[in-house]
Each structure stands twice: as structure tokens, then as C-alpha cells.
Amino acid sequence: MGEIREPLRELIDCGLPQALEVMGERWAFMILRASFNGLHHFEEFLSELGIARNILSNRLAKLVEHGILRREPCADDRRKIEYRLTEKGFDLLPAMIALRQWGQKYAHEPVLEDPVLVDEQDRLPIGPVSMLSHDGRVLDHQGLNMIRRADIGRRADGTIATLAGEIGDDDVVDLSSVKRAAR
């Protein structure tokens, strides 16, 4: 990935160690998965996940502390508490799906999931989570590089690149045509 490496001992200057500090263990991901599946109450998490009460309490508190879930009174019984995903929590969905797809691909036994995750519009299975360049090109490990912040936009041949416009949340990227154009 280039001549420059990240300072691997520096835990502050990289988002990965910070993300792992919050999400770096199995139960945090299982609680998040349950939240994406519509669970909101402590007892639901407890019975559906088969997790020990003290571990669940600890993990929920950590996810709330880090702003991934929020605690709010239940609408029909103000004495009960619900755990709801925040925007920060919903932003973890692509990472969760990428890990899920990786697990399906490399499982010891084939994973034939039912129900299947589909896009709402066409009701067809979603494609693989991909890394996209600023202009929508699909990237693999060979298309990545590490550079100094001061060199952003400076190509290897010395020319300067400009942003083609950012891909927005509602933009559609035709991955098949992008792949054909890259060939």
C-alpha cells in the first residue's frame, strides 16, 4: 500500500483502535445486530442473545456511553427503558454487513441465511460491501495507498487531481459500469 506506513504504535492517530475500544468484542456486535433487528428492551436482548445479565448490562452501558445507543423511556410504560440506535449506531451498519459477508464467504461450513438481506426497492440480495474511490470506482487492496496529508490529490506523476464530486447517501453508483470502465 505504498512507501508510507501508519505509525502502528500510535493508538490515538488511527480510528481503528478507537473503534475497537468500543466495539472490539463479540457481545457488542451481537447487541448491535439485535438492535438492527428491532430489539429495544433489556429483557429482549437477554432472552434472544442468551447473554449473562451482568455482561449485557455492562455492554449496553458502554454502547450508551459512546453514543451508539441511547436510553429513552418506553412510550407505553414510562417506567421501562428502551435502547435505540443513534445516528452513530446506524453508521456502523456497513461495517456490520461487511463482517457478515466476510463470515459468509469464509465460514468453515456454507452459510445459507434465511431471512436474506435485500434492498427495499427491488427486494434482491444486496451486493458485497465495497471500498469506493471519491468518484465511485470500486477499489481493492491494490488500488489503495498511504500518503501524507499534504500530498492529497498529488498523483504519482506529479499532476494534481480534483474531486469529481462526493457520492451522497442517495446517489446510485452503477458498480457494473464502473468495473467495466476500470478494465
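Residues numbered from 1 in each chain as written. Predicted model: local features only at pLDDT ≥ 70, side-chain atom pairs only at ≥ 80, totals over all residues. Heavy atoms only, no water.

Colleague: Please provide a residue-by-residue account of the packing of aromatic side chains, values included.
Modeller: Tallied over the entire structure, the rule returns three aromatic pairs. Aromatic pair phenylalanine 36 and phenylalanine 90: ring centres 6.1 Å apart, planes at 50°, arrangement tilted. Here phenylalanine 36, found in helix α2 (residues 26-36), pairs with phenylalanine 90, found in helix α5 (residues 87-90); they are 54 residues apart in sequence, far enough to count as distant. Between the aromatic rings of phenylalanine 45 and tyrosine 83, the centroid separation amounts to 6.5 Å while the plane-to-plane angle is 70°, which identifies the pairing as edge-to-face. Of this pair, phenylalanine 45 sits in helix α3 (residues 42-49) while tyrosine 83 sits in strand β2 (residues 81-85); the two residues are 38 residues apart in sequence, bridging distant segments of the chain. Classification of phenylalanine 45 as buried rests on a relative accessible area of 0%. Above the ring of tryptophan 27, the side-chain terminus of arginine 26 is found at 4.7 Å from the ring centroid. (Phe/Tyr/Trp six-rings, centres within 6.5 Å; stacked < 30°, edge-to-face > 60°. Helix = DSSP H or I, 4+ residues; strand = E, 2+ residues; numbered from the N terminus. Buried < 20%, exposed > 50% of the residue type's maximum accessible area, 1.4 Å probe, protein only. Lys NZ or Arg CZ within 6 Å of the ring centre and 35° of its normal.)

Colleague: I'd like a rundown of the nonpolar core, residues and numbers included.
Modeller: Counting 21 residues, the largest nonpolar core has Ile31, Phe45, Leu56 and Leu60 as the members making the most contacts within it. Sorting the residues of this core by element identifies α1 (15-23), α2, α3, α4 (53-65) and β2 as the ones contributing at least two each. Considering every element that reaches this core, the biggest residue donor is α2, with five residues. Leaving out residues up to four positions away in the same chain, phenylalanine 45 has contacts with Ile31, Ala34, Ser35, Leu39, His40, Gly50, Ile51, Leu56, Leu60 and Tyr83. (Core = buried A, V, L, I, M, F, W, Y, C linked by side-chain atoms within 4.5 Å. Contact = heavy atoms within 4.5 Å.)

Colleague: Any chance you could break down the packing of α2 against α4 for me, citing the residues and the numbers?
Modeller: The packing of two helices is summarised by the inter-axis angle and the distance between the axes. At a minimum axis separation of 10 Å, α2 and α4 run at an interaxial angle of 75°. In terms of axis orientation, α2 runs roughly perpendicular to α4. Residues Trp27, Ala28 and Ile31 of α2 pack against Ile55, Leu56, Arg59, Leu60 and Leu63 of α4. The residue makeup of the contact of α2 with α4, split by class, is seven nonpolar, no polar and one charged. (Axes fitted to C-alpha atoms, helices over the stretch in contact; angles between N-to-C directions. Parallel < 35°, antiparallel > 145°, perpendicular 65-115°, else oblique. Nonpolar A, V, L, I, M, F, W, Y, C, P; charged D, E, K, R; others polar.)

Colleague: Tell me about the side chain of histidine 40, and please be specific about residues and values.
Modeller: Its location among the elements puts histidine 40 in the loop between α2 and α3. Looking at histidine 40, its side chain comes within polar contact range of the side chain of arginine 84, at 3.0 Å. Contact partners of histidine 40, with chain neighbours within four places excluded, come to Phe45, Ile81, Glu82, Tyr83 and Arg84. (Polar contact = N/O pair within 3.5 Å; in protein donor to acceptor, adjacent residues only side chain to side chain.)

Colleague: Let's hear about the side chain of glutamate 82: which residues, and what values?
Modeller: Of note, glutamate 82 is situated in strand β2. Accessibility expressed as a relative area gives 8% for glutamate 82, which makes it buried. Among the polar contacts made by the side chain of glutamate 82, one reaches the side chain of arginine 84 at a distance of 2.9 Å. Every residue in contact with glutamate 82, bar those within four places of it in the chain, is listed here: His40, His41, Arg70, Arg71, Glu72 and Cys74.

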